[in-house]
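Listed here are the chains, written in short residue letters.
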Amino acid sequence: MGPLRAAQLFKLRFPDAACYQVTLYGSLAATGKGHLTDVAIESTLQTASTSIIWKPEVILPRHPNGMDFEALDSAGHAFGRMRMYSVGGGALQVEGESQEAQAQVYPLSSMASILKWCDENGEPLWRYVERCEGSDIWAYLEEVGQAMMKAIDHGLGAEGVLPGELKLARKSRSYLAKARRCHDSFQRTGLLSAYALAVAEENAAGQRVVTAPTCGSCGVLPAVLRYTREITGATQEEMLRSLAVAGLIGNLVKTNASISGAEVGCQGEIGTACAMAAGAAAQVLGATNYQIEYAAEMGLEHHLGLTCDPVGGLVQIPCIERNAFAATRALDCADYALLSDGKHRVSFDEVTVTMRETGRDLCSAYRETAAGGLAIHWKR
Ligand code: SF4
C-alpha cells in the first residue's frame with residue numbers, strides 16, 4: 001500500500017517522465033516480490049518502462065522500508081527525485097517534508113491523557129475521536145466499515161489457490177460452512193476464523209482490503225466487528241463507535257511505537273490489530289473506558305516479541321492464520337476485561353513503549369526481511 005501511494009504521489013508530481021527508476025531498500029526490497037510491491041508500483045506509474053532496483057542489503061537510517069523514485073527524460077537524465085518511506089498501514093513519509101499535519105489531529109498522544117480527558121468531561125473514548133476529527137468522521141468510518149464487510153463477503157465467496165509459489169489454498173469458505181453447523185465455543189472460533197481468513201486471503205490475492213492497521217493484519221478487526229455485531233445485534237451507530245475506538249488505539253501505537261513489521265516485527269502488525277479489535281469488541285459489549293483500555297493492553301501485551309518471518313516474502317505463511325488466532329484472542333481480551341473492574345497493573349501506554357523497545361531489540365532477520373524464522377526453516 002505504501003509503495004503504491006508513493007508511486008501515485010510521484011506520478012502526480014512528475015507526470016511527463018519518459019521512464020521511471022525506483023530503488024527499493026531494506027525490508028521493502030527483501031520481501032517486495034512476495035508483497036507484490038513491484039506490481040503495485042509498475043501498475044501505478046504506467047509507462048512503457050519502469051526499472052526497479054532491489055537493494056535489500058542497504059538499510060536507510062530513517063526507516064527500513066525506504067525507496068527512491070526518479071523521473072527520467074528520453075535521454076535518460078533524471079529530472080525529478082523523491083526519497084520516501086513506507087511506515088506502515090499505507091502511510092508515507094517524504095524526506096524533507098514535514099509530517100506535522102498528521103500529528104495535530106489528535107492533540108493528546110497517550111492513552112493516559114485521553115482517559116483523563118474522558119474522566120474530566122464525562123465522555124466515552126469515541127467522543128474524543130469525534131471531537132478531534134469532527135462529525136465528518138462518521139461518514140468516513142461508514143465507508144471503512146463497508147469496505148471491511150465487503151472484503152469478508154468477497155473472500156468467503158472465493159475458492160482456489162492464492163497467487164505465489166506456495167500454492168496455498170483459500171480456506172475461509174470451508175471454515176464458514178463447518179462453523180454454521182456447530183454451536184457454542186466451536187462456532188465462535190469457526191466464525192471468527194472464517195471471517196479473518198476471508199480478509200487475509202483477499203489481501204494475499206491482491207484484492208481490496210482496509211489496512212487495520214496494515215495489510216498483513218487486515219483480517220482481525222473486520223472479523224471481530226462482524227462477529228460481535230452478529231451476536232449482540234448492535235446498531236450501525238454502535239459499530240461505528242467501536243470502529244472509532246479501534247482507530248484511536250491504532251493511532252496511539254503508531255504515534256508512540258510503530259505498526260510496521262519492518263521496524264518492530266509482527267507484534268506491531270498483528271499485536272496492534274489485536275489491541276484495536278479487543279478495544280472495539282469491548283466497546284460494543286458495553287465496557288467502560290478503563291475496561292476498553294485493559295482489553296487493548298492485553299491484545300498488545302500477549303503478542304510482545306512476535307516476529308515477522310513471512311515464508312517466501314509472501315503475506316501468507318504465517319500471516320493468514322495469524323489473523324484468525326488474533327481475532328479469537330481479541331475477543332478473549334474483551335471478555336477478560338469485562339469480567340474485571342478495569343483495574344490492572346500494566347497500562348496500555350507502558351506496553352506500547354515495551355513493544356517499541358522489544359522491536360528495536362529484534363534482529364533484522366525477524367523484521368520483514370524473510371531472512372529468519374519460518375522463512376528459512378519451513379520446508380515445502
Ligand atoms: S509475519 Fe510479517 S508480513 Fe506477516 S502479518 Fe506479520 S508483520 Fe505482516
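Owing to the predicted nature of the structure, the values given are computational and were not obtained by experimental measurement. By convention here, each chain's residues receive numbers from 1 onward along its written sequence. Selection of residues for local features in this predicted model requires a pLDDT of at least 70, selection of side-chain atom pairs for listing and counting requires 80 or more, and totals for whole chains, interfaces and linings are taken over all residues. The side-chain values count all of the structure's non-hydrogen atoms but skip hydrogen atoms and water molecules.

## Some details on helix α3 (residues 37–45)
Within the sequence span of α3, burial applies to Thr-37, Asp-38, Ala-40, Ile-41, Thr-44 and Leu-45. Taken around the axis of α3, the buried residues stretch over an arc of 165°, which confines them to a single face. Looking at the buried positions of α3, the neighbouring elements they touch are α1 (2–13), β1 (19–25), α2 (26–30), β2 (50–55) and β3 (66–72). In DSSP terms, a helix is any run of H or I states spanning at least four residues, a strand is any run of E spanning at least two, and both are numbered starting from the N terminus. In the segment just after α3, Gln-46 is the residue with positive phi, at about 50°. Summary of the burial criterion: residues with accessible area below 20% of their type's maximum are buried, those above 50% are exposed, and those between are partly exposed, where the area comes from a 1.4 Å probe applied to protein chains only. It is the directions from the helix axis to the C-beta atoms whose arc is reported. Pairs of residues are marked as contacts when any of their non-hydrogen atoms sit within 4.5 Å.

## Some points on the site of the ligand
Any residue with a heavy atom lying within 4 Å of a molecule or strand is counted as near it. Residues in contact with the ligand, as listed here, are His-35, Gly-216, Cys-266, Glu-269, Cys-308, Asp-309, Cys-319 and Arg-322. Of the residues contributing to the shell around the ligand, the split by class is three nonpolar, two polar and three charged. Any residue outside Ala, Val, Leu, Ile, Met, Phe, Trp, Tyr, Cys, Pro, Asp, Glu, Lys and Arg is labelled polar, Gly included; the first ten of those are nonpolar and the last four are charged.

## Let's talk about the environment of Tyr-85
Within the secondary structure layout, Tyr-85 lies in strand β4 (residues 78–88). What makes Tyr-85 buried here is its relative accessible area of 2%. For the pair Tyr-85 and Val-315, spaced 230 residues apart in sequence, the C-alpha to C-alpha distance is 20 Å. Beyond its immediate chain neighbours, meaning those up to four positions away, Tyr-85 contacts Leu-60, Arg-62, His-63, Asn-65, Gly-66, Met-67, Ala-91, Leu-92, Gln-93 and Glu-95.

## Section: the environment of Leu-9
Along the chain, the position of Leu-9 falls in helix α1. With 35 residues separating them in the primary sequence, Leu-9 and Thr-44 have C-alpha atoms 9.9 Å apart.

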